[in-house]
Amino acid sequence: KFSGSFFYLGHIRKDKGIEFLVEAFKDKRLSSFKLDIYGPIWGQLEKKDILNEEIFKDISNINYYGPVLPDKVNEIIASHDALIFPTISPAEGYPGTVIESLMIGTPVLASRWLYLPEILNQNNSILFRPFSKSSIIKAVQKYSKSKKIQEKLSKGCLFSAKTLFSLDKQSNILLN
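Thresholds, definitions, all that
- Residues numbered from 1 in each chain as written.
- Predicted model: local features only at pLDDT ≥ 70, side-chain atom pairs only at ≥ 80, totals over all residues.
- Heavy atoms only, no water.
- Pairing = 2+ DSSP bridges.
- Helix = DSSP H or I, 4+ residues; strand = E, 2+ residues; numbered from the N terminus.
- Axes fitted to C-alpha atoms, helices over the stretch in contact; angles between N-to-C directions.
- Contact = heavy atoms within 4.5 Å.
- Core = buried A, V, L, I, M, F, W, Y, C linked by side-chain atoms within 4.5 Å.
- Buried < 20%, exposed > 50% of the residue type's maximum accessible area, 1.4 Å probe, protein only.
- Phe/Tyr/Trp six-rings, centres within 6.5 Å; stacked < 30°, edge-to-face > 60°.

**Examining the sheet that holds strand 5 (residues 108-111)**
Backbone hydrogen bonds are what pair the strands of a sheet, in a parallel or an antiparallel way. Taking strand neighbours across the sheet as the criterion, the 6 strands line up as 3-2-1-4-5-6 in an open arrangement whose pairing is parallel. Looking at which strands have only one partner, the edges of the open sheet turn out to be strand 3 (62-66) and strand 6 (125-128). Across the sheet, the mean angle from the axis of one strand to that of its neighbour is 25 degrees, orientation sign disregarded. Seen against the sheet, helix 4 (residues 96-104) touches strand 1 (5-9), strand 4 (82-85) and strand 5 and runs at an angle of roughly 160 degrees to strand 4.

**Looking at the nonpolar core**
With 47 residues, the main nonpolar core has Phe6, Phe25, Ile84, Leu109, Leu120 and Val140 as its most contacted residues. Once residues within four sequence positions are removed from consideration, Val140 is found in contact with Phe6, Phe25, Leu30, Phe33, Ile84 and Leu109.

**Considerations on the packing of aromatic side chains**
Any pair of aromatic rings gets described here by the distance separating the centres and the angle formed by the planes. Under the defined criterion, the tally for this structure stands at 10 aromatic pairs. Ring centres 5.9 Å apart and planes at 20 degrees place the aromatic pair Tyr8 and Phe85 in the stacked group. Placement of Tyr8 in strand 1 and of Phe85 in strand 4 is noted, with a sequence separation of 77 residues between them. We classify Tyr8 as buried; its relative accessible area is 0%. Its relative accessible area of 2% is what places Phe85 among the buried residues. Put simply, the rings of Phe2, Phe6, Phe25, Phe33 and Tyr143 touch in pairs and so form one group of aromatic residues.

Structural measurements only, silent on function.
Structure follows, in structure tokens:
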């Protein structure tokens, strides 16, 4: 059942696109949706930057929860409608959060970036333009407006997980 609850789980850094994500959820078009942010704050994000408590103080639909213990990750993923992953990192590969979301059947809204389109497609995700607040807004709106899209993507996640990341498939790749 769709609840309007989205999440980001990962390192909180500029190259993860976190500023675009926060700006999108500050927009009045997404004010009825909730964004939960999990993960350690890294590097250049200091008090003057996007995750300053003063900035969050007046944003009722964004919550920052800090780092997460590994045994809580699946519970967090399963308790939200979709993962939003706006990465712009030049070092991005196959993020664990994305793979774990697929395994649980939680759809992913992600930037069309580097290797992500190798595991994310129109059957399990909505890909959006990187570096773009408006693209994030459009992806959330598209996902939110249709139960049919939500169900299709959830089923697609499980299918992708089974075909791309099953124990048999990964064992064969490793052995070869």
